Amino acid sequence: MIKNSQEEKNQKVLFYTGISRAFRTTSIENLYEISQVYPTIVLSERLDKETERIIRDKILFPKIEEIVSIDQFPEKKRNVFLENRYAHKMAKEI
């Protein structure tokens, strides 16, 4: 029993926001609930300033440890090889 509680303390949640509009309308409530209990790392697409300011608020989201911008949907089209290299580098970092 002690082993399980120790493992639970070390668990972290990776939370992907998806596109900004969908995150603001549906997923932000899930992030709120999760970040009340578990240490959370947010994998984020580009968010508007107001939304980003809200999720950086430690009173509302106390256990968010880091917000990582992953830019899965870039504004400009990238070369396929550069896209693959970018995804590989980002996966290693995360």
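Here the structure is a predicted model, which means the values were calculated and not measured. (Residues numbered from 1 in each chain as written. Predicted model: local features only at pLDDT ≥ 70, side-chain atom pairs only at ≥ 80, totals over all residues. Heavy atoms only, no water.)

Visitor: Help me understand the packing of aromatic side chains, please; the structure alone is not making it clear to me.
Guide: Pairs of aromatic rings are described using the distance from one ring centre to the other and the angle between the two planes. With the rule as written, the count across this model stands at two aromatic pairs. Centroid distance F15 to F23: 6.4 Å. Interplanar angle 65 degrees. Geometry classified as edge-to-face. Each of the two residues, F15 as well as F23, counts as buried. Between the aromatic rings of Y32 and F61, the centroid separation amounts to 5.9 Å while the plane-to-plane angle is 85 degrees, which identifies the pairing as edge-to-face. With Y32 in helix α2 (residues 20–37) and F61 in the loop between α3 (49–55) and β3 (64–69), the pair connects residues that are 29 residues apart, well separated along the chain. (Phe/Tyr/Trp six-rings, centres within 6.5 Å; stacked < 30°, edge-to-face > 60°. Buried < 20%, exposed > 50% of the residue type's maximum accessible area, 1.4 Å probe, protein only. Helix = DSSP H or I, 4+ residues; strand = E, 2+ residues; numbered from the N terminus.)

Visitor: Please clarify how the sheet that holds β3 should be interpreted in this entry.
Guide: Within a sheet, adjacent strands bond to each other through the backbone by hydrogen bonds, running parallel or antiparallel. Taken together, three strands build an open sheet; the order of strands is β1-β2-β3 and the sheet is parallel. The open sheet has two free edges, formed respectively by β1 (13–16) and β3, since each of these has just one partner strand. Direction aside, the axes of adjacent strands within the sheet are offset by 20 degrees on average. Bridge count for strand β2 (residues 40–44) against β3 is five bridges, and the pairing is parallel. Directly across from L43, in β3, lies its bridge partner V68. (Pairing = 2+ DSSP bridges. Axes fitted to C-alpha atoms, helices over the stretch in contact; angles between N-to-C directions.)

Visitor: Is there a simple way to explain the pairing of β1 in this structure?
Guide: Residues in a regular strand project their side chains so that they alternate between the two faces of the sheet. With four bridges connecting them, β1 and β2 associate as parallel partners. Counted as the bridge partner of F15 is V42 from β2. In terms of handedness, the path from β1 via α2 over to β2 forms a crossover that is right-handed. (Right-handed = clockwise from strand over helix to strand, strands pointing away.)

Visitor: Just checking my understanding: could you explain the environment of G18 for this structure?
Guide: Along the chain, the position of G18 falls in the loop between β1 and α2. Expressed as a C-alpha distance, the spacing of G18 and L47, which sit 29 residues apart in the sequence, is 9.7 Å.

Visitor: Would you mind showing me how to read the pattern of salt bridges here?
Guide: Side chains bearing opposite charge may pair, as long as their charged atoms lie close to each other. Under the defined criterion, the tally for this structure stands at four salt bridges. Residue E65 pairs with K12 through a salt bridge whose shortest N-O separation is 2.9 Å. In this pair, E65 is assigned in strand β3 and K12 in the loop between α1 (2–10) and β1, connecting sequence segments 53 residues apart. Two residues, D48 and R24, come together in a salt bridge whose shortest N-O distance is 2.9 Å. In this pair, D48 sits in the loop between β2 and α3 while R24 sits in helix α2, placing the two residues 24 residues apart along the sequence. Judged by relative accessible area, R24 falls into the partly exposed class, the value being 40%. (Salt bridge = Lys/Arg side-chain N within 4 Å of Asp/Glu carboxyl O.)

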